[in-house]
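One letter stands for each residue in the lines below.
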Amino acid sequence: MEKDPVCGMGVEIDSPETCSMNYHGTIYHFCSVDCFLLFTRAPKAYLNVDTTQRPSAKDVVCGMDVDMSNAPYTTGYEGTVYYFCSEACRNEFLYAPEQFAKTL
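1. Side note on empty space enclosed by the protein
Point 1. Counting across every chain of the model gives 1 cavity of 30 Å³ or more.
Point 2. There is about 70 Å³ of room inside the largest cavity.
Point 3. Every residue along the wall of the largest cavity is listed here: Val6, Cys7, Cys35, Leu38, Met64, Val66, Asp67, Asn70, Ala71, Pro72 and Cys85.
Point 4. Only helix H1 (33-41) and strand S6 (65-67) provide two or more residues apiece to the lining of the largest cavity.
Point 5. Counted by class, the lining of the largest cavity contains 9 nonpolar, 1 polar and 1 charged residues.

Structure follows, in structure tokens:
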């Protein structure tokens, strides 16, 4: 299993959701299009960085740790900021925020 350089999540290379790219001769694999796009915008920001040292929050929909300094999606609800790994998780939260807000 490979590690997504953006979020640190384990990536199954053969999964249909996995995105990959060659950057300066190294193949990088991403758990989602969102992480892939973040990497393409600023690849050097994600290389040789220990993702465990970044401040993170738990995506209340899927449970994934999300880098708070570079979260692809956020939203506020009842005075709290929620961080999401993908647009799909954010949209699911927005559909029924009261269901997920109590999981914190």
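That was the structure; now back to the text.
2. Description of the packing of aromatic side chains
Point 1. One pass over the structure, following the stated rule, counts 9 aromatic pairs.
Point 2. When the ring of tyrosine 77 is compared with that of phenylalanine 93, the centres are 5.9 Å apart and the planes differ by 85°; the resulting orientation is edge-to-face. One end of the pair, tyrosine 77, is in strand S7 (residues 73-77); the other, phenylalanine 93, is in helix H2 (residues 87-95), with 16 residues separating them in the sequence.
Point 3. Since its relative accessible area comes to 0%, phenylalanine 93 is described here as buried.
Point 4. Ring centres of phenylalanine 93 and phenylalanine 100 lie 6.3 Å apart, and the angle between their planes is 35°; this geometry places the pair in the tilted category. In this structure, phenylalanine 93 and phenylalanine 100 share a single accessibility class: buried.
Point 5. Three or more aromatic residues joined by ring pairs form one cluster here, namely Tyr23, Tyr28, Phe30, Phe36, Phe39 and Tyr46.

So, how was this worked out
- Residues numbered from 1 in each chain as written.
- Predicted model: local features only at pLDDT ≥ 70, side-chain atom pairs only at ≥ 80, totals over all residues.
- Heavy atoms only, no water.
- 1 Å grid on protein atoms, 1.4 Å probe; cavity = no way out; pocket = protein on both sides within 12 Å on 5 of 7 lines; lining within 4 Å.
- Points joined across faces, edges and corners; volume = space filled by probe spheres on them.
- Helix = DSSP H or I, 4+ residues; strand = E, 2+ residues; numbered from the N terminus.
- Nonpolar A, V, L, I, M, F, W, Y, C, P; charged D, E, K, R; others polar.
- Phe/Tyr/Trp six-rings, centres within 6.5 Å; stacked < 30°, edge-to-face > 60°.
- Buried < 20%, exposed > 50% of the residue type's maximum accessible area, 1.4 Å probe, protein only.

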